[in-house]
Amino acid sequence: MTNRIKELRARHNLTQDELARKVNVRRETIVFLEQNKYNPSLRLAHDIAGVFSMTIEEVFLMD
Amino acid sequence: MKKTIIVFVIAALVLATMGLWILCTQNSFKPVDILQFGIIILVTGFAILIGIRRLASAKRGEPTEDELSKKIMQKTAAWSYYASLYLWVAMIFVKDHFKWDTEVILGSGIIGMAVIFFVSWTVIGIRGIKND
C-alpha cells in the first residue's frame, strides 16, 4: 500500500508536526507513513483523509 | 505522562542500585563486572533517551504514545521473547561446559535480555512495521 500524504500535506501547506497534532499521533508516525514504512489503522487513515477532505481510497492507494 | 515518569523512576532506581553495588563491593572489579556496568549504563541511557523523546513529544502537544509506538513495542516484546528463549538455552549450555558461578550466569542472562530488547527495538524502529 502506498499513500499521497506527503503530496497532499505540501498542497495544504501543513508541516509534519501540524498534521501529527491534527490526527493526534507523534510526528515520527507521519514520517513513517510518508516513507511507506507503516500501514495505518483504519481509524488513523480515516482521520488523515478527513484532514484533506478526501476519502481513504483517494489518499491510500493499493498496489 | 505517567508512563514517562515511571521510565525516569526505574532508570534512577537501576542507577542507584548499581551505585550501591559499586560502593558495597570490597574487592577490585573484574573485566566482566566492568562490562556489565557498561551494558547497564547503556540500557539505562537508552531508557532515559526514550523518556526525553516522550517529554519532547508532550511539549510539542503530541501524544507521548500512539498506535505506531505501541505496535513497535508489541513487536519488540514478541521478538525479544523468542530471542531470550535462545539466550537461556545458550546459558544452560554455558553452565554445563564452563565453570561459571550461578550469579554470573543469571546476571549475564538478565543483561542479555535487556540488550536483546534494546537491539530489537532499534531494528524494528528503523525498519518500520508493514502489515502486508
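Each chain has its residues counted from 1, running along the sequence as written. Each chain is given a letter, starting from A, and each ligand a number, starting from 1, according to the order in which they appear as written. Since the coordinates come from a predicted model, pLDDT governs what is reported: local features require at least 70, and pairs of side-chain atoms require 80 or more to be given and counted, while whole-chain, interface and lining totals use all residues.

Novice: Before we go on, may I ask you to explain the nonpolar core in this structure?
Specialist: Within soluble globular proteins, side chains that are nonpolar generally end up buried alongside one another. In plain words, the nonpolar core is the set of buried Ala, Val, Leu, Ile, Met, Phe, Trp, Tyr and Cys residues that C-beta atoms within 7 Å link up. Counting other C-beta atoms within 10 Å of its own, a residue is labelled buried from 20 upward, exposed at 12 or fewer, and partly exposed in the gap between, with every C-beta atom placed from the backbone. Core analysis: the largest hydrophobic core is formed by 14 residues, its most contacted members being Ala20, Val23, Ile30, Leu33 and Ile48 of chain A. Residue assignment for this core shows that the elements contributing at least two residues are helix H2 (16-23), helix H3 (27-34) and helix H4 (42-51) of chain A together with helix H3 (67-97) of chain B. The contact criterion used is a C-beta to C-beta distance within 7 Å, with each C-beta placed from the backbone. When sequence neighbours within four positions are dropped, the list of residues in contact with Ala20 of chain A reads Val25, Arg26, Arg27, Thr29 and Ile30 of chain A together with Glu62 of chain B. Helix and strand definitions here come from DSSP, where helices need a minimum of 4 consecutive H or I residues and strands a minimum of 2 consecutive E residues; each element is numbered from the N-terminal end.

Novice: Explain unusual backbone geometry here, please?
Specialist: What you tend to see is this: most non-glycine residues have negative phi, and most peptide bonds are trans. All names here are of chain A. A positive phi is found at Asn24, a non-glycine position, where the angle reads about 60 degrees. Of note, Asn24 is situated in the loop between H2 and H3. The backbone of Ser53 sits at a positive phi, close to 55 degrees, despite the residue not being glycine. Inspection of the secondary structure puts Ser53 in the loop between H4 and helix H5 (56-59). A count of 9 C-beta atoms within 10 Å places Ser53 in the exposed class.

Novice: Help me out: how do you make sense of the interface of chain B and chain A in this one?
Specialist: The parts lose accessible area when they come together, and the size of an interface is often stated as this lost area. At the interface, 14 residues of chain B touch 16 residues of chain A. For the side of chain B that touches chain A, the leading source of residues is H3 of chain B, giving three residues. Among the residues making up the side of chain B that touches chain A, the classes are represented as three nonpolar, five polar and six charged. For this classification, Asp, Glu, Lys and Arg are treated as charged, while Ala, Val, Leu, Ile, Met, Phe, Trp, Tyr, Cys and Pro are nonpolar and the rest, including Gly, are polar.

Novice: I keep staring at the domain arrangement of chain B and nothing clicks. Help me out?
Specialist: Residue and element names in this part refer to chain B. Domain start and stop positions are those given by an automatic or database domain assignment. Here chain B is described as being made up of domain 1 (1-65) and domain 2 (66-132). The distance between the C-alpha centroids of domain 1 and domain 2 comes to 18 Å. Domain 1 puts eight residues into the contact, and the matching count from domain 2 is nine residues. Across the side of domain 1 that touches domain 2, the residue classes tally to six nonpolar, one polar and one charged.

Novice: Hey, could you run me through H3 of chain B in this one?
Specialist: At 3.6 residues per turn, the α-helix brings residues three or four places apart onto the same side. Here a helix's expected span is defined as the number of its residues, less one, multiplied by 1.5 Å. Look at H3 of chain B: 45 Å from first C-alpha to last across 31 residues, which is about the 45 Å you get at 1.5 Å a residue. All of the buried residues in H3 of chain B are Leu68, Ser69, Ile72, Thr76 and Ser80 of chain B. The secondary structure elements touched by the buried residues of H3 of chain B are H3 of chain A together with helix H4 (102-127) of chain B.

Novice: I tried to follow the environment of Pro40 of chain A on my own but got confused; where do I start?
Specialist: In this structure, Pro40 of chain A sits in the loop between H3 and H4. Sequence separation between Pro40 of chain A and Phe60 of chain A is 20 residues, and the spatial gap between their C-alpha atoms is 9.7 Å.

Novice: How should I be thinking about the packing of H2 of chain A against H4 of chain A in this particular structure?
Specialist: For any two helices packed against each other, one specifies the inter-axial angle together with the distance between the axes. Residues and elements named next belong to chain A. Contact pair H2 / H4: the axes reach a minimum separation of 9 Å and the direction vectors enclose 120 degrees. Judged by the angle between their axes, H2 and H4 are oblique. In this structure, H2 meets H4 at a crossing whose hand is right-handed. Along the contact surface, H2 presents Leu19, Lys22 and Val23, while H4 presents Leu44, Asp47, Ile48 and Val51. Partitioning the contact of H2 with H4 into residue classes produces five nonpolar, no polar and two charged. Note on geometry: axes are C-alpha line fits, over the in-contact stretch for helices, and angles between N-to-C directions span 0 to 180 degrees. An angle counts as roughly parallel when it lies under 35 degrees, as roughly antiparallel when it exceeds 145, as roughly perpendicular when it falls between 65 and 115, and as oblique in every other case. The sense of a crossing depends on the near helix, which, turned anticlockwise from the far helix by less than a right angle, makes the crossing left-handed and, turned clockwise, makes it right-handed.

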